[in-house]
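Per-entry structural report
This is what each chain is made of:
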Amino acid sequence: MKFVIQRVTHADVVVDGNEIGRIGKGFMVLIGVSKEDDKIIADKMVDKMIKLRIFEDENGKTNLSLDDVDGELLLISQFTLYDANCKKGNRPSFIDAGAPDEANDLYDYIIEKCKERIKVVECGEFGADMKVSLLNDGPFTIILNSPEIV
């Protein structure tokens, strides 16, 4: 599982011309699921993400978590994160990405786990052509990769 976490001042997602999610200060997270992932891995990834201290405190140090700043989440499924293998040719292969039904179930599970801990959780639409807009604050981007977390 991979999470690409961008600290944002705001972000939104649009599907078929309709805005389906919008947040203020918080994280816009791209989520990629592999064939090997399960709920145990998802739990650890969610916990690590929510506890990340990447917001500035009163001294300008990245010392505050999402909870500390009453931050919001925008969660976007993105199967191309796992694993755009470009070793052969110029067309990426995604053979390590999770099967759509299983990946969708894990994506929904991640959303529910986040909602248990964060007040505002918005999300994209699994498998849809989404247009995501954001203002990266910093810029500050973190990549969480489950083999490094679990």
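Bear in mind the structure is a predicted one, so any value in this text is a computation, not a measurement. (Residues numbered from 1 in each chain as written. Predicted model: local features only at pLDDT ≥ 70, side-chain atom pairs only at ≥ 80, totals over all residues. Heavy atoms only, no water.)

Overview of the nonpolar core
Put simply, the rule is: Joining through side-chain atoms within 4.5 Å is the link that ties buried Ala, Val, Leu, Ile, Met, Phe, Trp, Tyr and Cys residues into a set, and such a set is a nonpolar core. Note on classification: 1.4 Å probe, protein chains only; a residue is buried when its accessible area is under 20% of the maximum for its type, exposed when over 50%, partly exposed between these limits. The helix count covers DSSP runs of H or I at least four residues long, the strand count covers runs of E at least two residues long, and both are numbered beginning at the N terminus. For this analysis, residues touch if any pair of their heavy atoms sits within 4.5 Å.
Counting 30 residues, the largest nonpolar core has Phe3, Met49, Leu73 and Leu75 as the members making the most contacts within it. Contributing elements (two or more residues each) for this core: β1 (2–15), β3 (26–32), α1 (39–51), β6 (72–77) and α2 (100–115). Per-element accounting of this core gives the leading share, seven residues, to α2. Sequence-distant contacts of phenylalanine 3, that is, excluding residues within four places in its chain, are made with Val29, Leu30, Ile31, Met45, Val46, Met49, Ile110, Ile142, Ile143 and Leu144.

Observations regarding unusual backbone geometry
Cis geometry marks the peptide bond from glycine 138 to proline 139, where omega comes out at -5 degrees. Summarising the element assignment, proline 139 is placed in strand β8 (residues 130–145). Positive phi is not limited to glycine here, since aspartate 16 has a value of about 50 degrees. Assignment of secondary structure puts aspartate 16 in the loop between β1 and β2 (18–23).

Details of the packing of α1 against α2
Here is the rule we go by: Lines are fitted to the C-alpha atoms to define the axes, a helix being fitted only along its stretch in contact, and any angle between axes, read from their N-to-C directions, falls within 0 to 180 degrees. For classification purposes, an angle smaller than 35 degrees is called roughly parallel, one larger than 145 roughly antiparallel, one from 65 to 115 roughly perpendicular, and anything else oblique. Handedness of each helix crossing follows the sense of rotation of the near helix against the far helix: counterclockwise by less than a right angle gives left-handed, clockwise gives right-handed. Basically, the charged four are Asp, Glu, Lys and Arg, the nonpolar ten are Ala, Val, Leu, Ile, Met, Phe, Trp, Tyr, Cys and Pro, and anything else, Gly included, counts as polar.
Contact pair α1 / α2: the axes reach a minimum separation of 10 Å and the direction vectors enclose 40 degrees. The angle between α1 and α2 falls in the class oblique. Of the two possible hands of crossing, α1 and α2 adopt the one that is right-handed. Contact with α1, carried on its side by Lys39, Ala42, Asp43, Val46, Met49 and Ile50, involves Leu106, Tyr109, Ile110, Lys113 and Cys114 of α2 and no other residues of that element. Considering only residue class, the contact of α1 with α2 consists of eight nonpolar, no polar and three charged.

Considering α1
Turn by turn, an α-helix covers 3.6 residues, leaving residues three or four places apart pointing in a common direction. The cut-off we apply is this: Residue count minus one, scaled by 1.5 Å, sets the expected span of a helix. To obtain the arc, one takes the directions from the helix axis to the C-beta atoms. Whenever a nitrogen or oxygen atom comes within 3.5 Å of another N or O atom, the pair is scored as a polar contact, on the condition that within protein one atom can donate a hydrogen and the other can accept it, and that pairs from neighbouring residues in sequence are kept only if both atoms are in side chains.
In this model, α1 (13 residues) spans 18 Å end to end at C-alpha, consistent with the 18 Å of a helix rising 1.5 Å per residue. Residues Ile41, Ala42, Met45, Val46, Met49 and Ile50 constitute the buried set of α1. The buried residues of α1 occupy an angular sector of 155 degrees when the element is viewed end-on, so they sit on one face. Summarising the geometry of α1, the exposed residues directed more than 90 degrees from the buried face are Ile40 and Lys51. Where α1 begins, one side-chain oxygen reaches toward the backbone nitrogen of isoleucine 40, 3.1 Å away; that side chain belongs to aspartate 38.

Here we look at the pairing of β2
Defined as follows: Each pair of strands is called paired provided DSSP finds at least two bridges between the two strands.
Pairing between β1 and β2: five bridges, direction antiparallel. Across the sheet, alanine 11 pairs through a bridge with isoleucine 23, a residue of β2. Linking two consecutive strands that pair antiparallel, namely β1 and β2, is a turn of two residues; a positive phi of about 50 degrees is found at aspartate 16 within it.

Quick notes on α2
The end-to-end C-alpha separation of α2 is 22 Å, in line with the 22 Å expected for 16 residues at 1.5 Å each. Check the buried side of α2 and you find it contacts β1, β3, α1, β6 and β7 (121–123).

With respect to the side chain of aspartate 37
Convention followed: Just so you know, the count uses Lys and Arg for positive and Asp and Glu for negative, and it drops His and the chain ends. By salt bridge we mean one thing: a side-chain nitrogen of Lys or Arg within 4 Å of a carboxyl oxygen of Asp or Glu.
By the secondary structure assignment, aspartate 37 is in the loop between β3 and α1. Here aspartate 37 is buried and forms no salt bridge, its nearest opposite-charge partner lysine 2 lying at an N-O distance of 9.7 Å. Within the structure, aspartate 37 has its side chain in polar contact with the backbone nitrogen of serine 34 (distance 2.7 Å). Apart from residues no more than four positions distant in its own chain, aspartate 37 is found in contact with Met1, Gly32, Leu106 and Ser146.

Scope: geometric values only; no functional claims are made or implied.
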